[in-house]
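# Secondary and tertiary structure notes
Letter by letter, the chains look like this.
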Amino acid sequence: MTFIVGDNCINCKHTDCVEVCPVDCFYEGPNFLVIHPDECIDCALCEPECPIGAIYSEDEIPDGEEAFLELNAELAEVWPNITEMKDAMPEAEKWDGEPNKLEHLER
Ligand code: SF4
Ligand code: F3S
């Protein structure tokens, strides 16, 4: 089991989540964060920290976001680790709740 970061994080990237992770398993791309599934210990601390509800348990992934399970695993292998909170993306407020942001993912 793992937690994953889902669609709503794209172009928002608040980063509150990284501050609470006891095993530092978040990895950062240009406009999205992912969780390394082999490092996550399922503590659930990060889920309520995300101000826009973009983190889910693997067994509670919303319909239509199934691809994010594999995407978290794939990108966690290539993106750098992030352990400290930073400013959200400049247009985070505007992007919160926009549907299907995957096409805007930058790698
Ligand atoms: Fe880190 Fe716990 Fe969230 Fe997994 S569930 S990413 S271990 S804070
Ligand atoms: Fe993304 Fe929420 Fe973390 S927007 S960076 S999952 S706090």
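Right, let's walk through the structure included here. (Residues numbered from 1 in each chain as written. Chains lettered and ligands numbered in written order. Predicted model: local features only at pLDDT ≥ 70, side-chain atom pairs only at ≥ 80, totals over all residues. Heavy atoms only, no water.)

## Structural notes on the side chain of Thr15
Spelled out, the test is: Strands here mean DSSP runs of E at least two residues long; helices mean DSSP runs of H or I at least four residues long; both are numbered from the N terminus. A 3.5 Å cut-off defines polar contacts: any pair of N or O atoms within that distance qualifies, except that in protein one atom must be a possible hydrogen donor and the other a possible acceptor, and neighbouring residues in sequence count only when both atoms are side-chain atoms.
With respect to the helices and strands, Thr15 occurs in the loop between strand S1 (3-5) and helix H1 (16-20). Looking at Thr15, its side chain comes within polar contact range of the main-chain nitrogen of Lys86, at 2.9 Å.

## Considerations on the pattern of salt bridges
This is how it is decided: For this analysis, a salt bridge means a side-chain nitrogen from Lys or Arg found within 4 Å of a carboxyl oxygen belonging to Asp or Glu. Here the term buried applies to any residue with accessible area under 20% of the maximum for its type, exposed to any over 50%, and partly exposed to those in between, with areas from a 1.4 Å probe on protein chains only.
Counting across every chain of the model gives 4 salt bridges. Of the charged contacts, one joins Lys13 and Glu28 as a salt bridge, the two residues approaching to 2.8 Å between their closest N and O atoms. Taken together, the positions of Lys13 in the loop between S1 and H1 and Glu28 in strand S2 (residues 26-28) put the pair 15 residues apart, joining distant regions of the chain. Lys13 sits in the buried class, given a relative accessible area of 7%. Since its relative accessible area comes to 15%, Glu28 is described here as buried. Residue Glu91 is joined to Lys94 by a salt bridge in which the shortest nitrogen-to-oxygen separation is 3.8 Å.

## Re the packing of aromatic side chains
Heads up, the rule is: In this analysis, rings of Phe, Tyr and Trp, with Trp reduced to its six-membered ring, are considered paired at centre separations within 6.5 Å, and the interplanar angle assigns stacked below 30 degrees, edge-to-face beyond 60, and tilted for intermediate values.
Overall, the coordinates contain 2 aromatic pairs when judged by the stated rule. Taken together, Phe32, Phe68 and Trp79 form an aromatic cluster joined through their ring pairs.

## Comments concerning the nonpolar core
Keep this limit in mind: To define a nonpolar core, start from buried Ala, Val, Leu, Ile, Met, Phe, Trp, Tyr and Cys residues and group those joined through side-chain atoms within 4.5 Å. Residue contacts follow a heavy-atom distance rule, with two residues in contact if any of their heavy atoms lie within 4.5 Å.
Residues Phe26, Phe32, Ile35 and Ile55 are the most contacted members of the largest nonpolar core, which totals 33 residues. The element best represented in this core is helix H2 (residues 67-76), accounting for 4 residues. Apart from the residues within four sequence positions on either side, Ile55 is in contact with Phe3, Ile4, Val5, Cys17, Phe26, Ile35, Cys46, Glu47 and Cys50.

## Regarding the site of ligand 2
What counts here: Any residue with a heavy atom positioned within 4 Å of a molecule or strand is treated as near that molecule or strand. Each cavity reported here is a set of points on a 1 Å grid over the protein atoms alone in which a 1.4 Å probe fits but cannot get out, each pocket an open set with protein on both sides within 12 Å along at least five of seven lines, and each lining residue one with an atom within 4 Å of a point. Just a note on the criterion: a molecule sits in a pocket or cavity if more than half of its atoms are within 2 Å of the grid points. Throughout, the ten residues Ala, Val, Leu, Ile, Met, Phe, Trp, Tyr, Cys and Pro are labelled nonpolar, Asp, Glu, Lys and Arg are labelled charged, and all others, Gly among them, are labelled polar.
Taken together, Val5, Cys9, Lys13, His14, Thr15, Asp16, Cys17, Leu33, Cys50, Pro51, Ile52 and Ile55 make up the full set of residues adjacent to ligand 2. Among the cavities detected, the one that contains ligand 2 is the largest cavity. Counted by class, the shell around ligand 2 contains 8 nonpolar, 2 polar and 2 charged residues.

## Examining the site of ligand 1
Every residue near ligand 1 is listed here: Phe3, Cys21, Pro22, Val23, Cys25, Phe26, Ile35, Cys40, Ile41, Cys43, Ala44 and Cys46. For ligand 1, the cavity whose grid points lie within 2 Å of the majority of its atoms is the second largest cavity. Partitioned by chemical class, the residues of the shell around ligand 1 number 12 nonpolar, no polar and no charged.

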